[in-house]
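# Results of the structural survey
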Amino acid sequence: MNRLVKLFLIATAVAAAGALGYAQSVPEIAFDSVTDLLKFPDNLYMGEAAGVATNSRGDIFLYTRTGNPTISLGTSRAIAHGGSRLFQFDRNGKFTREIGNGAYGFLQAQQVRVDPRDNVWIVDQMSTQVIKFDPNGRVQMVLSRKPEVLRVPTLSLTPTPAGMPVQPGPPPAAGGPPGGGGGGRGAAEPGGRGGRGGGDQAAGRGGPPAGGAPAGGFGGRGGGLPGAGVEGESFVRPTDVAWDAAGNIYVADGYGNSRVAKYEPSGRYIKSWGSRGSENGQFNIVHGIAIDAQGNVFVGDEGNKRVQVFDGEGNHKRNITGVGSPTALCITPGPRQVLYVAHTGDADGMDDAAIYKVDLNGTVIGKFGKAGKLPKEFGLVNSIDCRSENELLIGELSNWRVQKVTLKASR
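In this text, all values refer to a predicted model and were calculated from it rather than measured experimentally.

Definitions and cut-offs
- Residues numbered from 1 in each chain as written.
- Predicted model: local features only at pLDDT ≥ 70, side-chain atom pairs only at ≥ 80, totals over all residues.
- Heavy atoms only, no water.
- Core = buried A, V, L, I, M, F, W, Y, C linked by side-chain atoms within 4.5 Å.
- Buried < 20%, exposed > 50% of the residue type's maximum accessible area, 1.4 Å probe, protein only.
- Helix = DSSP H or I, 4+ residues; strand = E, 2+ residues; numbered from the N terminus.
- Contact = heavy atoms within 4.5 Å.
- Salt bridge = Lys/Arg side-chain N within 4 Å of Asp/Glu carboxyl O.
- Pairing = 2+ DSSP bridges.
- Axes fitted to C-alpha atoms, helices over the stretch in contact; angles between N-to-C directions.
- Polar contact = N/O pair within 3.5 Å; in protein donor to acceptor, adjacent residues only side chain to side chain.
- Phe/Tyr/Trp six-rings, centres within 6.5 Å; stacked < 30°, edge-to-face > 60°.
- Lys NZ or Arg CZ within 6 Å of the ring centre and 35° of its normal.
- 1 Å grid on protein atoms, 1.4 Å probe; cavity = no way out; pocket = protein on both sides within 12 Å on 5 of 7 lines; lining within 4 Å.
- Points joined across faces, edges and corners; volume = space filled by probe spheres on them.
- Nonpolar A, V, L, I, M, F, W, Y, C, P; charged D, E, K, R; others polar.

Moving on to the nonpolar core. Grouped together as the largest cluster of nonpolar side chains are 17 residues, with contacts concentrated most on Tyr340, Ile355, Phe368, Phe378, Ile384, Ile394 and Val405. When contributions to this core are tallied by element, the ones reaching two or more residues are β22 (326–331), β23 (338–344), β28 (381–388), β29 (391–396) and β30 (401–407). Beyond its immediate sequence surroundings of up to four residues, phenylalanine 368 is in contact with Glu28, Ile29, Phe31, Tyr340, Ala354, Ile355, Phe378, Leu392, Val405 and Leu407.

In structure tokens, the structure reads:
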């Protein structure tokens, strides 16, 4: 018995030493930080910095949870208004204008991105919409429709525990389309902090896609798998948007559903892949998406603590681990691209946080920052702008700020 105890203790010590060695093997990247970059006019305030992005001129766009949200109750319907605003600043942080003030789809800011043509796209979690503005601030495209029914109060906002079995949906109805097609849209959930997510999913009527799912994917139909969503553009609490070199649009439909949906540049639906679970091609909160120059799609799988990499058709290629629980992704432009991954390891973002710098093969180059409220600390990072590899903008939810981070060259 004593011999068995000794062997157990030795094995435990070796495992702990290995884990410690791995943790210590990630280099710390030195950096400077500016916390007061953005200058607001009097009587205009930032709330939670859900999204931050820059255009080709260096102008800064902030999609923030602020304003005067209201919910009007009429019979069985709850109609939501306001709650988020889109601001523009020049490259020095001087306020220049507000875009979309009072827009129908501005309810709970989730993300803002700028495409290669300097169009500004916002992702709104509560309205379930992705909205495209041209450089002049005019609406050019809307994906998904604001739900007419909202559940009050919201459901839990924590990821499904790892390893929880996921049950398939009901069999397809008689006479239904092959593979089950889509289902009815679920009731959108107003989120809490929006950095974690639970909430409803679209209720699919059918079963898995006919002929089985492709490698790593779940086909182009919504199916009956939990989190697979429905065909078309019925999102349930989307989280992010990205584009490939051809201009195809990829939406991370990630809190209520657990999928990636792909559209033509015109907005025409092509396909989607993913469902709720822990296998390759499944997700436990899709919390970010980014696409490299070769068209590889990087998807932040927060609850499963990994970044999954797919081709543009949804075929799984590999996983990137060792970067914690991804809550924001960004890939730099240029010939030598790198990936930044924000990690938040606790619900409040005050105990465990860092930002990892990773090459596109998955090798961690280094990390920087920790959880907290002081400069050079991070609280619920929800957005990263990395137009420059060593000069980043970091949007934080719990600290109500955007930090400008400048990475220092290693010596």
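Looking at where arginine 268 falls in the secondary structure, it is placed in the loop between β16 (259–263) and β17 (269–273). The exposure class of arginine 268 is exposed, given its relative accessible area of 56%. Taking the C-alpha atoms as reference points, arginine 268 and asparagine 248, 20 residues apart in sequence, are found 9.5 Å from one another.

Before going further, it helps to spend a moment on the pattern of salt bridges. Taken as a whole, this structure holds 16 salt bridges when the rule is applied. Between aspartate 59 and arginine 57 there is a salt bridge whose closest N-O contact spans 2.9 Å. Judged by its relative accessible area of 12%, aspartate 59 falls in the buried class. For arginine 57, a relative accessible area of 48% corresponds to the partly exposed category. With its nearest N and O atoms 4.0 Å apart, the salt bridge here joins arginine 57 to aspartate 118. Linking arginine 57 in the loop between β2 (48–54) and β3 (60–65) with aspartate 118 in the loop between β8 (109–114) and β9 (120–124), this pair joins segments that are 61 residues apart in sequence.

This part is about the sheet that holds strand β20 (residues 306–310). Backbone hydrogen bonds are what pair the strands of a sheet, in a parallel or an antiparallel way. Pairing in this open sheet of 4 strands is antiparallel, and the strands run β18-β19-β20-β21 from one edge to the other. The open sheet has two edge strands, β18 (286–291) and β21 (316–320), and neither has a second partner. On average, adjacent strands in this sheet sit at an angle of 20° to one another, irrespective of strand direction. Pairing between β20 and β21: 4 bridges, direction antiparallel. Note that in β21 the partner of glutamine 308 across the bridge is asparagine 319.

Before going further, it helps to spend a moment on the side chain of serine 275. Relative to the helices and strands, serine 275 is located in the loop between β17 and β18. What makes serine 275 buried here is its relative accessible area of 1%. A polar contact of 3.3 Å, which involves the side chain of serine 275, links it to the side chain of glutamine 282.

As a further point, take the packing of aromatic side chains. According to the stated counting rule, one finds 15 aromatic pairs in the structure shown. Between the aromatic rings of phenylalanine 87 and phenylalanine 95, the centroid separation amounts to 5.9 Å while the plane-to-plane angle is 70°, which identifies the pairing as edge-to-face. You can call phenylalanine 87 buried: its relative accessible area is 0%. Geometrically, the ring pair formed by phenylalanine 368 and phenylalanine 378 is edge-to-face, given 6.2 Å between the ring centres and 75° between the ring planes. Here phenylalanine 378 lies in strand β27 (residues 377–378) and phenylalanine 368 lies in strand β25 (residues 364–368), a separation of 10 residues in the sequence. Taken individually, phenylalanine 368 and phenylalanine 378 each receive the classification buried, so the pair is uniform in this respect. We note lysine 146 situated over the ring of tyrosine 104; from NZ or CZ to the ring centre the distance is 4.0 Å. If you follow lysine 376 out to its NZ or CZ, it ends over the ring of phenylalanine 31, 5.0 Å from the centre.

Attention now goes to the layout of surface pockets. What the largest pocket holds in volume is close to 900 Å³. If you trace the largest pocket, you find 38 residues lining it, with Val114, Asp115, Pro116, Trp243 and Ile291 closest to the centre. Broken down by secondary-structure element, the contributors of at least two residues to the lining of the largest pocket are β2, β8, β14 (240–243), β18, β22 and β28. In terms of residues, the lining of the largest pocket owes the most to one element, β28, which gives 4 residues. Within the lining of the largest pocket, the residues separate by chemical class into 23 nonpolar, 6 polar and 9 charged.

Let us look at unusual backbone geometry. Here the phi dihedral of isoleucine 285 falls at roughly 80°; this positive angle occurs in a residue that is not glycine. Looking at the secondary structure, you find isoleucine 285 in the loop between β17 and β18. Here tryptophan 400, not a glycine, exhibits a phi torsion of approximately 50°, which is positive. By the element assignment, tryptophan 400 lies in the loop between β29 and β30. Of the residues examined, tryptophan 400 reaches a relative accessible area of 51% and is grouped as exposed.

Its location among the elements puts arginine 97 in strand β7 (residues 95–99). Each C-alpha atom of the pair arginine 97 and phenylalanine 61 lies 9.9 Å from the other, and the pair is 36 residues apart in sequence. Setting aside residues no more than four positions away along its own chain, arginine 97 makes contact with Leu86, Phe87, Gln88, Pro135, Asn136 and Gly137. At 2.8 Å, the side chain of arginine 97 and the backbone oxygen of proline 135 are in polar contact. Among the polar contacts made by the side chain of arginine 97, one reaches the main-chain carbonyl oxygen of asparagine 136 at a distance of 3.2 Å.

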